Each structure stands twice: as structure tokens, then as C-alpha cells.
Amino acid sequence: MAIEVRIPTILRSYTGGAKVVEGAGDTLGDLLTDLDSRHAGLKGRLVTEAGALHRFVNVYVNDEDVRFLGALDAKLNDGDSVTILPAVAGGAFGFAAAAAISQHRAAAAAISQHRAATVAARDAAVAAR
Amino acid sequence: MLSIDRSIVDAIVAHARRDHPDEACGVVAGPVGSDTPTRHIPMENSARSMTFYEFDSMEHLRVWREMDDRDEEPVVIYHSHTATEAYPSRTDISFAGEPGAHYLLVSTREPDTEEIRSFRIVDGVVTEEPVRIVEPAVDPHAVQSYMFGQSPATVDYECSGR
């Protein structure tokens, strides 16, 4: 039972540069295990240690995203075509989070300074009385 | 170095301005091995976020297949940062999955000025590269092919302020 698997550029180091490889399996999980026996390390790039499909890897069976077909339990048939694409994602989140944290720190510092000044002013007022 | 036509840069900036304050994203395809971006494909940001972008998985498959059929590859992958500089964030670096692509970043934080920078991101290493904008040799109004994938009514070339 042969299933055609299309490998993205970034994972071709595991397939000797091949763009398309063949494998077998009743489910996507079985197929990846089969592929890993010939292309060691490939499965580890697609499946987490907890045994789930990586969030930022898209795998398709024919024209369907496997997330809608049961992910690693997705059933496969002879002649199916599986396509793997690393998700194209990113964004400023890292920077935004860092900026938010630094602003938070600055705000916290300003608040404690204000408190110290208020306490000092109150103490001075008490002393003057 | 990334060499890219002025008309494509203008279309990318217009897309980024249009989606501001959300991040915009897309691809410029080109013939395999040419390192020349020729076909602008604005993509939907399925995250619809001011700080994150992600290609819609079905659109991603469709566009990548189309490029395969036309012997093209993603020469440029672009996205916008809407409040920060046009430099890859840690998120961008950890997700960069196309080692052959130029990662183009556009910052829309300033309404009147454009910040466009290009990077290679390979195995977590970021290398900035110069961007050479190629001015049109022909009447730019004769070039209409960059409207691929969207209604011409929504393309506003005036947005870039040129």
C-alpha cells in the first residue's frame, strides 16, 4: 500500500533531498512511523514528545487538513497523497510581550517611587505638627 | 540582496496599510531558482491579530500547489509589524520554515513613512540583506498583474503616499 508524501524544503535533509517519498500505513501516525524507519528523525519534527501533531506543522491528506480528519488518527487509503507544509506564522508578539513587561516594570517602579514620596510627605507633615 | 519591483513593494505596503492595525502577510512567488519575485499573492492572516500572523492552512495548501504547478517557489514571504520595528521577532525566527525565502518585514507604526527590511532566516540565524527596489522601466499603469487574488476595487495604490 503506497501513499505519496510531499516533503517541504526544510525537511528534505531527512529524505536525502527528495521532494516526494512513499510510505505505508492505515493512519497518519502509522505512516509517519513507517517513514521514520527509513528517514530517521522526520517524525520527531512533526510529532511532539506527548505524541500529538505539532501545532505549527500543517499536514494534509489529499485536499483536507488532517486536523479535521482526526490528526494522527486520520485514516489513509492506498493512493492517497499526503502533503506536509510548515505553517507560515510569526509576528511581533515577542517584541510586544517584552515591551509590555518593560512598561509594566517601569510602571511598577513609578508607583513605588510615588508611594515612597507620599509616605515621606505624610511623615514630614506629621513631624511638622 | 533582494531585488524587487517598485510595483510589488507598493502593493505589499498598500496591503499592510489596509490591514493595519492587524498584521498583514503574504507571498511573492517567482520562477524556481530565479531568486526573482514576480507574482504578489496577499494572504489572509487567519490569526487576525495585531501581534501575530498565520497563513490560513487551506489557502496555504492551495497557493503552494499553484506555485508547484507553475514551477514557482516562494521567493519572498512578507508580513507587517504594526507597532514595532521591521525586524524579525523571536516568534518570527522560531517559525521561519522556508530557508530559501527572503523574509520581508514592513512596519506600519509610522503612518507617513515606510520601513521595509529583508532578512534570511536559516536555522534560527537572522541575516539582514539590502533591498534593491527596481523602478519600472515601462508605464506603471500598464502593469496590472499584481492584483491577483483580490478584487481590483480593494487595491489602493494611493495608500503608499507616492
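Everything numeric here is computed off the predicted structure, so don't read it as measured data. (Residues numbered from 1 in each chain as written. Chains lettered and ligands numbered in written order. Predicted model: local features only at pLDDT ≥ 70, side-chain atom pairs only at ≥ 80, totals over all residues. Heavy atoms only, no water.)

Caption draft 1: View of the side chain of B:Glu23. By the element assignment, B:Glu23 lies in the loop between α1 (6-19) and β2 (25-31). Although B:Glu23 is buried, it makes no salt bridge; B:Arg109 carries the closest opposite charge, 12 Å away. Here A:Ala92 takes part through its backbone nitrogen, which lies 2.9 Å from a polar atom of the side chain of B:Glu23. (Helix = DSSP H or I, 4+ residues; strand = E, 2+ residues; numbered from the N terminus. Buried < 20%, exposed > 50% of the residue type's maximum accessible area, 1.4 Å probe, protein only. Lys, Arg positive; Asp, Glu negative; His and termini not counted. Salt bridge = Lys/Arg side-chain N within 4 Å of Asp/Glu carboxyl O. Polar contact = N/O pair within 3.5 Å; in protein donor to acceptor, adjacent residues only side chain to side chain.)

Caption draft 2: Representation of unusual backbone geometry in the model. The residue after B:His20, namely B:Pro21, is reached through a cis peptide bond having omega 10°. Looking at the element boundaries, B:Pro21 is found in the loop between α1 and β2. Even without glycine at this site, A:Asn62 takes up a positive phi of about 55°. Positioned with a positive phi, A:Ala71 is a non-glycine residue whose angle comes to about 50°.

Caption draft 3: Up close: the side chain of B:Ser80. Residues and elements named next belong to chain B. In this fold, Ser80 is placed in strand β5 (residues 72-81). Polar side-chain contacts of Ser80 include one of 2.8 Å to the backbone nitrogen of Ala24. Those residues in contact with Ser80, other than ones at most four positions away along the chain, are Ala16, Asp22, Glu23, Ala24 and Val106. (Contact = heavy atoms within 4.5 Å.)

Caption draft 4: Expanded view of the sheet that holds strand β5 (residues 81-86) of chain A. Residue and element names in this part refer to chain A. Ordered by their spatial adjacency, five strands build an open sheet running β2-β1-β5-β3-β4, and the pairing between neighbours is mixed. Each having just a single partner strand, β2 (20-23) and β4 (64-65) make up the two edges of the open sheet. Looking at chain direction, strand β3 (residues 57-61) and β5 are connected through five bridges and run antiparallel. The residue bridging Val57 from the neighbouring strand is Pro86, located in β5. Taken strand by strand, helix α1 (residues 28-38) contacts β1 (3-6), β2, β3 and β5, and its axis lies near 110° from that of β2. (Pairing = 2+ DSSP bridges. Axes fitted to C-alpha atoms, helices over the stretch in contact; angles between N-to-C directions.)

Caption draft 5: Layout of helix α2 (residues 57-69) of chain B. The terminal C-alpha atoms of α2(B), which comprises 13 residues, lie 18 Å apart, in line with the 18 Å expected from a rise of 1.5 Å per residue. Among the residues making up α2(B), those that are buried are B:Ser57, B:Glu59, B:His60, B:Leu61, B:Val63, B:Trp64 and B:Met67. Summarising the contacts, the buried residues of α2(B) are in contact with β3, β4 and β5 of chain A together with β2, β3 (39-43) and β5 of chain B. Phi turns positive one or two residues past the end of α2(B), at B:Asp71, with a value near 55°. (Expected span 1.5 Å × (residues − 1).)

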